[in-house]
Every structure is written in structure tokens, then in C-alpha cells.
Amino acid sequence: MSDHEISKAVVKRLPRYYRYLGDLMNAKVERISSNELSDLMNVTASQIRQDLNNFGGFGQQGYGYNVRYLYNEIGKILGLDKTYAMIIVGGGHLGQAIANYVKFEKRGFSIKGIFDINPELNGKLVRGIPIRMTDEMPGFLKENEIQIAALTLPKTGAEMVVPVLVENGVKAIWNFAHTDLHVPDDVVVENVHLSESLMQLSYDLNHRKV
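Q: Help me understand the pairing of strand 3 (residues 84-89) in this model?
A: Looking along a regular strand, one sees side chains alternate from face to face of the sheet. Burial analysis of strand 3 places six of its six residues in the buried class, the great majority of the element. Neither face of strand 3 is left uncovered, since the one carrying Y84, M86 and I88 and the one carrying A85, I87 and V89 both have all their residues buried. Direction of pairing for strand 3 relative to strand 4 (residues 109-116): parallel, over a ladder of six bridges. Across the sheet, A85 pairs through a bridge with S110, a residue of strand 4. As paired strands, strand 3 and strand 7 (residues 148-151) are joined by four bridges and run parallel to one another. Among the inter-strand pairings, M86 is bridged to a residue of strand 7, identified as I148.

Next up, the structure:
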């Protein structure tokens, strides 16, 4: 089945499968049934089978799933068998926290640069990566063939920097800025609106069943 036929809901569950399978591998579990995985993840066994059948199934009746094989195959589906050159635009607390999160590089996301407009941050090292000024960004993007940009800056700054990113070859934007970005069809955007997530948590807290 081609990617465009697979629902967003299924795709959003794949990283969770990947994480649980990684934990199972660390625990030396070699195989697992959909029912056992269902108990761990609180997702129905039929949902797990339906999700995985979108990509070929991977299981054997009476055997279940080979944990390492399924982990590796989901990694390939997610594109984690490749390496991506990435920059962070916004060298404040959030940008630095992302740069310091070493698991990104283990997943193939190699942070090549950090950019900011604040001259007081110019040259500051974050896990060995110097913060550069944003006027250096166009040349850096081309020279390093950057594919992904994480935006951890205010709304107005994000809107100003997006055309520069797109013009210089960036094809994916991880957007933490509190704004919806307008990009060409061949550029993908993943929005992470922290305040909206917190408001959703507030709603759930105030409408929970007691």
C-alpha cells in the first residue's frame, strides 16, 4: 500500500510501537504476540494487526512477531535507517535543550548548526556546536545540505526565516513556534505547539471522570 493511503492516525502510532519494541529488545524479549503487545501498550490486538497490515503484516500465525525484525522494519518505515542533516533556529533554552538531547543523533538526526539573532549568543558552544548568527544561515544550509530545520523562536521570527530555509533546500520543518507556517507543497511541517498541548491537558483534567 502506498504511503498516501495510510492514515495519519496509523503513522502517529508507529513511533510508539518502535519505542515499546526497543524496550522489549533491551529486556531480551525475542518474540511477542499481538495480544501481549496489546496488554503492554493499551491498544487492542486487532488495532495492532490492522496497523501493521498496512505495511505487510510482519507476523506469523502461532508465532507472533519477531521483536528485533519488527523493530528494524518499523525503523525503516519511519526512515530511521537514514541520516538527516539538521539545524536549530533559535538558540534559547528550548533550542539548547534540543541540541543537548543526544538520542536524536542515535536516531539519525545529526545537528549541524544552531542559529540565533542575539549577538550575546554568538560563538557559544552547545554540546560542541557553536551558535551562529542567522545572517550566516543561507550559505551554511547549502554547504551542509541541510534537510531539516527545528524552529524554536517566536512567531514573527519563524515567519521571517521560513522563506530563507525553503529557498536554500530545507524540505522538513519541526515547528515549535506558535504559528502555522505557509510552505510549498514539497516541504513538510510537523507542528509542536506546547501551549496547545498544555491546554488540552487542562481540558482533560477538568473534564475527567471522577
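So that's the structure; there's more coming.
Q: Explain the side chain of D51 to me, please; I cannot follow it from the model alone.
A: Mapped onto the elements of the fold, D51 is located in helix 3 (residues 45-53). With a relative accessible area of 0%, D51 lands in the buried category. Here the side chain of D51 touches R13 through a polar contact of 2.7 Å, side chain to side chain. Beyond its immediate stretch of four places on either side in the chain, D51 contacts V10, R13 and Y17.

Q: Even after reading the chapter, I still don't get the layout of surface pockets, so can you show me in this structure?
A: Considering only enclosed or pocket space, the largest pocket measures out at about 1,900 Å³ in volume. Lining the largest pocket are 36 residues, and of these P15, L78, L80, F109 and E190 lie nearest its centre. Secondary-structure elements contributing two or more residues to the lining of the largest pocket are helix 1 (8-26), helix 4 (67-77), strand 3, helix 6 (103-106), strand 8 (172-175) and strand 9 (188-191). Considering every element that reaches the lining of the largest pocket, the biggest residue donor is helix 1, with eleven residues. Taken together, the residues of the lining of the largest pocket break down into 22 nonpolar, five polar and nine charged. What lines the second largest pocket is a set of 18 residues, and nearest its centre among them are V89, I117, T134, L153 and G157.

Q: Teacher, can you tell me more about helix 4 here?
A: One turn of an α-helix holds 3.6 residues; hence residues three or four places apart share an orientation. By the burial criterion, the buried members of helix 4 are V67, L70, Y71, E73, I74 and G75. Check the buried side of helix 4 and you find it contacts helix 1, strand 1 (31-32), helix 3 and strand 2 (65-66). Between the side-chain oxygen at the start of helix 4 and the backbone nitrogen of R68 there is a gap of 3.2 Å, and the oxygen is on N66. Two residues or fewer past helix 4, G79 is found with a positive phi of approximately 80 degrees.

Calculation criteria
Residues numbered from 1 in each chain as written. Predicted model: local features only at pLDDT ≥ 70, side-chain atom pairs only at ≥ 80, totals over all residues. Heavy atoms only, no water. Buried < 20%, exposed > 50% of the residue type's maximum accessible area, 1.4 Å probe, protein only. Helix = DSSP H or I, 4+ residues; strand = E, 2+ residues; numbered from the N terminus. Pairing = 2+ DSSP bridges. Polar contact = N/O pair within 3.5 Å; in protein donor to acceptor, adjacent residues only side chain to side chain. Contact = heavy atoms within 4.5 Å. 1 Å grid on protein atoms, 1.4 Å probe; cavity = no way out; pocket = protein on both sides within 12 Å on 5 of 7 lines; lining within 4 Å. Points joined across faces, edges and corners; volume = space filled by probe spheres on them. Nonpolar A, V, L, I, M, F, W, Y, C, P; charged D, E, K, R; others polar.

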